[in-house]
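Okay, here's what each chain looks like letter by letter:
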Amino acid sequence: MADSQQNASNLAEIAREKNIRYFLISFVDLSGAQRAKLVPASAIGGALKNGAGFAGFAAAFDMSPADPDLLAMADPSSLIQLPWKPEVAWMASDLVMHGKLVTQGPRNTLKRLVARAKQHGIDVKTGVECEFFLITPDGKLVADEYDAAAKPCYDASALMRRYDVIAELCDAMQQLGWEPYQNDHEDANGQFEMNWKYADALVTADRHVFFKFMARSIAEKHGLRATFMPKPFMHLTGSGCHAHISLWKGSENVCYDPKDPLEISATGYNFVGGLIHNADALCAILNPVVNSYKRINAPRTVSGATWSPNTVTYSGDNRTHMIRVPGGGRFEMRLPDGAANPYLLQASLLAAGLDGIEQKRDPGKPLDINMYTEGHKVTEAKRLPLNLLDAMRALDKSTALRGMLDDGLVDPYIKLKQSEWNAHCGHLSEWERTATLDC
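What you are looking at is a predicted structure, and each value in this text was computed from that prediction instead of being measured.

**Student:** Describe the overall build of the chain, with residues and values.
**Tutor:** Counting its regular elements, the chain contains 15 helices and 17 strands. Taking 22 Å as the expected radius of gyration for a compact globule of 439 residues, we find that the chain reaches 22 Å, a close match to that expectation. If you line up the chain on its principal axes, its C-alpha atoms span 65 × 50 × 50 Å. Per-residue burial for the chain yields a buried fraction of 55% across its 439 residues. Sequence-distant contacts in the chain: of pairs separated by 6 or more residues, those separated by 24 or more amount to 71%. For the chain, the distance from the average position of its 46 positive side-chain charges to the average position of its 52 negative side-chain charges is 2 Å.

Structure representation (structure tokens):
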């Protein structure tokens, strides 16, 4: 109670100092969609003490209209003043019902996994590479009609034609202390990537949630639309969300071994082993929509490469593999896409990696080949699921991820994804009509 009162007092003071009129108390549902309530600064004390109330059923959780309020308990340490509308401040929140943390809450799940890593004495540092398209408001075309090169990656002119949007986003991240360091035009026409410094896994996830919200809001301000859809255009490279992971005990990176060819320690190899072992089940979370499988199992795009995996392999500094190990005791997981729930992305990778550490899983030998040209020669490695249904079935059967993530999260998540798959199967596409009317 004392902490709640202190936080309320602090927030009230911050609101006065920074001219904040409203607080946006936010959480994400199982699918990763952001939900929120707008609380006037005059009422923030009550919201911190009692939570902001939501109907869980209406917010797409596996709940009933008869259930009591789902309470979003704001985390003041996550507070971000909106750079484009500074009279509003955003806060992430933890979900509570009947005085207990809700197992389905994605942020709650990540915090549980972070605590489990702490039991090993490990702090988890992560970063994400957010790729997105700037498109027309109706979602049908790349917004820049002149961005039409076959190989547009790093195109300076195309980047500068969107300078106003990219610079405003980067300026905002600098203002917020995220330490952004590079922005570029990506491999697809109309596609961009923005990078900021790695941090503790929970901080990265909170920032990831906010970045998607901010990118959409600032794009709209400029008359555009930002989409993180994995594959919005079939002929273009899809949008990934590559995750970088390292494990620390104090100032020591426990995955680093300078004597190893890949500079990875035994603990690091076990972590990679967990990602390899659980890869097919991870797809249900890291590639969570029907459209995801048009990215990870895609034919070659107009640029000449998909930049996404379809086989469960790892290598050194080689971007054609599912896991890239660039050295220095760090891993890049190239499987996640832009649709992934930011909290469950981090939680599932941590769950799989901790399973690898606890079970001492061997990832096998790295492959130093070009998977895009020689991947057909690899016969002993697992292939990634071809669709969301196969990924869901793998997650459903995964005792390792169920044990780490909790049945109370996995079962509602699979139920939600099954309903999405059923809706997809109930849709008649124009291709089916064209290909089958005269059968």
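Once you've had a look at it, read on.
**Student:** Before we move on, can you summarise the environment of Met333 with the specific residues and values?
**Tutor:** Its place among the elements puts Met333 in strand E17 (residues 331-333). Spatially, the C-alpha atoms of Met333 and Met322 are 6.2 Å apart, while their sequence positions differ by 11 residues. Excluding residues that lie within four positions of it along the chain, Met333 makes contacts with His242, Ala243, Leu275, Leu282, Leu286, Met322, Ile323 and Leu349.

**Student:** I'd like to hear about the packing of aromatic side chains, residue by residue, with values.
**Tutor:** Summed over all chains, the structure comprises 16 aromatic pairs. Here the aromatic rings of Phe132 and Phe211 are separated by 6.1 Å at their centres, their planes lie at 65°, and the arrangement is edge-to-face. Placement of Phe132 in strand E8 (residues 123-135) and of Phe211 in helix H6 (residues 201-221) is noted, with a sequence separation of 79 residues between them. For the pair Phe132 and Phe211, a shared accessibility class is recorded, and that class is buried. An angle of 75° between the planes, with centres 6.0 Å apart, marks the rings of Phe210 and Phe213 as edge-to-face. Here the residue Phe210 and the residue Phe213 both occupy positions in helix H6, the gap between them amounting to 3 residues, near one helical turn. Among the residues examined, Phe210 registers a relative accessible area of 0% and is labelled buried.

**Student:** I'd like to hear about the environment of Met234, residue by residue, with values.
**Tutor:** Among the structural elements, Met234 can be located in the loop between strand E12 (225-227) and strand E13 (241-249). Under the relative-accessibility criterion, Met234 is labelled partly exposed at 47%. Distance from Met234 to Arg295, taken between C-alpha atoms, is 8.6 Å for residues 61 residues apart in sequence.

**Student:** Hey, could you go over unusual backbone geometry for me, with residue numbers and the actual values?
**Tutor:** Glycine aside, a negative phi is what most residues show, and trans is what most peptide bonds show. Despite not being glycine, Tyr154 has its phi angle at roughly 65°, a positive value. By the secondary structure assignment, Tyr154 is in the loop between E8 and helix H4 (156-161). Look at Tyr154 and you get exposed, because its relative accessible area is 61%.

**Student:** Break down empty space enclosed by the protein for me, citing the residues and quoting the values.
**Tutor:** Summed over all chains, the structure comprises 2 cavities of 30 Å³ or more. Roughly 70 Å³ of internal volume is contained in the largest cavity. What lines the largest cavity is a set of 14 residues, among which Phe27, Val28, Ser93, Arg107 and Tyr343 lie closest to the centre. Looking at which element gives the most residues to the lining of the largest cavity, the answer is strand E6 (residues 88-97), with 5 residues. Put simply, the second largest cavity is a space of about 30 Å³.

**Student:** So what's going on with the nonpolar core? Which residues, and what values?
**Tutor:** Nonpolar side chains in soluble globular proteins generally cluster together in the buried interior. Grouped together as the largest cluster of nonpolar side chains are 121 residues, with contacts concentrated most on Phe132, Phe211 and Ile323. By size, the runner-up hydrophobic cluster in this structure holds 6 residues, among which are Phe133, Ala188, Phe233 and Leu236.

Rules of the game
Residues numbered from 1 in each chain as written. Predicted model: local features only at pLDDT ≥ 70, side-chain atom pairs only at ≥ 80, totals over all residues. Heavy atoms only, no water. Helix = DSSP H or I, 4+ residues; strand = E, 2+ residues; numbered from the N terminus. Rg over C-alpha atoms; globule rule 2.2 N^0.38 Å. Buried < 20%, exposed > 50% of the residue type's maximum accessible area, 1.4 Å probe, protein only. Contact = heavy atoms within 4.5 Å. Lys, Arg positive; Asp, Glu negative; His and termini not counted. Charge placed at Lys NZ, Arg CZ, Asp CG, Glu CD. Phe/Tyr/Trp six-rings, centres within 6.5 Å; stacked < 30°, edge-to-face > 60°. 1 Å grid on protein atoms, 1.4 Å probe; cavity = no way out; pocket = protein on both sides within 12 Å on 5 of 7 lines; lining within 4 Å. Points joined across faces, edges and corners; volume = space filled by probe spheres on them. Core = buried A, V, L, I, M, F, W, Y, C linked by side-chain atoms within 4.5 Å.

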